[in-house]
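# Descriptive analysis of the structure
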Amino acid sequence: MYSIAIDGPSGSGKSSLAKLLAKELGYIHVDTGAIYRTIGLYARKNDIDPHDEKTLSEHFDNIHIKVDWIDGNQHIFLDDDDVSTEIRTPEISMYASNVSALPKVREFLLEMQRDFARKKDVIMDGRDIGTVVLPNADVKIFLKADDEKRAMRRYLELKEKGQDVEYEKVYEELILRDKNDSTRKTAPCVPAQDSVILDNSDINLEETLEKALEIVNAKLGAER
Ligand code: DC
């Protein structure tokens, strides 16, 4: 089995890149942020403070998350509900960032994430894939981009989905979430020592894909 880890802050384009790369290589794409978002959604729906590790962990037995792929796209289910769209709001982004700082939540999700890589060739994107989830990944890419570029991408993405958002708010929230995700004690969003840093501030998605393929080819060569 081959595994490729793509980590980086929000709006760096991890999921878009991972999706294209997975298509190109014939691997499955696992967007781990969606799993944390689903826990965030669960907390929101059940009126649980996303910082309250004790209460949330008491609910773990009732949190049934399933991931499936339909036409190559990842869908995520909470119980039997497909929540793939519902988890993509700014409110749930903050919930996800807060629940993801709780060590028990990370522990709860660890094996589930590793399991995907045991069964299939995967491209997994998140914050700690190269450092914690798949420390032996064959290829590790850390994607980054300037704050303003990332905020603008996120803003346009939300607008396109018909959400009523302001650029300034999106920017502020992105910076807050970055700080949360990169300074937390457990599994902070930092590049793995053996990762290749790819800055896509000034290149588009196609060019990012080209560069990522160069990195993959250099590591895996004809093997893959
Ligand atoms: O990638 P995303 O923006 O959908 O992720 C939502 C939140 O989940 C993010 O703010 C931090 C958390 N997360 C994490 O802690 N570890 C991961 N591997 C993926 C996401």
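Just so you know, these numbers come straight off a predicted model, no measurement behind them.

Rules and cut-offs
- Residues numbered from 1 in each chain as written.
- Predicted model: local features only at pLDDT ≥ 70, side-chain atom pairs only at ≥ 80, totals over all residues.
- Heavy atoms only, no water.
- Helix = DSSP H or I, 4+ residues; strand = E, 2+ residues; numbered from the N terminus.
- Rg over C-alpha atoms; globule rule 2.2 N^0.38 Å.
- Buried < 20%, exposed > 50% of the residue type's maximum accessible area, 1.4 Å probe, protein only.
- Contact = heavy atoms within 4.5 Å.
- Areas by Shrake-Rupley, 256 points an atom, 1.4 Å probe, with all protein chains shown as cover.
- Pairing = 2+ DSSP bridges.
- Axes fitted to C-alpha atoms, helices over the stretch in contact; angles between N-to-C directions.
- Parallel < 35°, antiparallel > 145°, perpendicular 65-115°, else oblique.
- Left-handed = near helix turned anticlockwise from the far one by under 90°.
- Nonpolar A, V, L, I, M, F, W, Y, C, P; charged D, E, K, R; others polar.

Glancing now at the overall build of the protein chain. Each helix and strand in the protein chain was counted, giving 9 helices and 8 strands. For the protein chain, the C-alpha radius of gyration of 17 Å lies close to 17 Å, the compact-globule estimate for 224 residues. Each of the three principal axes of the protein chain carries a C-alpha extent, and together these read 50 × 40 × 35 Å. When each of the 224 residues of the protein chain is scored for burial, the buried share is 49%. In the protein chain, the share of contacts with a sequence separation of at least 24, taken over all contacts with a separation of at least 6, comes to 73%. A total accessible area of about 11300 Å² is found for the protein chain, and carbon and sulfur atoms account for 47% of it.

The next thing to look at is the sheet that holds strand S1 (residues 3–7). The strand order across the open sheet built from 5 strands is S2-S6-S1-S7-S8, with neighbouring strands paired in parallel fashion. The open sheet terminates on both sides in strands that have one partner only, identified here as strand S2 (28–31) and strand S8 (196–199). In this sheet, adjacent strand axes meet at a mean angle of 20° when their direction is disregarded. Note: S1 against strand S7 (residues 139–144), 4 bridges, orientation parallel. Bridge pairing in S7 links Asp7 to Phe142. Together, S2 and strand S6 (122–126) form the strand contacts of helix H2 (residues 32–45), whose direction differs from that of S2 by roughly 40°.

Taken N-terminus to C-terminus, the directions of helix H1 (residues 14–25) and helix H9 (residues 205–220) make an angle of 55°; their axes are 10 Å apart at the nearest point. In terms of their interaxial angle, H1 and H9 are classed as oblique. With respect to the hand of their crossing, H1 and H9 are arranged in right-handed fashion. Contacts between H1 and H9 involve Ser16, Leu17, Leu20, Leu21, Glu24 and Leu25 from the former and Leu205, Thr208, Leu209, Ala212, Leu213 and Val216 from the latter. Among the residues making up the contact of H1 with H9, the classes are represented as 9 nonpolar, 2 polar and 1 charged.

Consider a sheet: its strands pair through backbone hydrogen bonds, and that pairing is either parallel or antiparallel. Pairing is antiparallel across the open sheet formed by 3 strands, whose spatial order is S3-S4-S5. Looking at strand neighbours, the two that pair on one side only are strand S3 (65–70) and strand S5 (81–82), the edges of this open sheet. One ladder, built from 2 bridges, connects strand S4 (residues 73–78) with S5; its direction is antiparallel. In the sheet register, Phe77 faces S5, and the bridge partner there is Asp82. Packing of H2 onto the sheet brings it into contact with S3 and S4, and relative to S4 it is tilted by some 25°.

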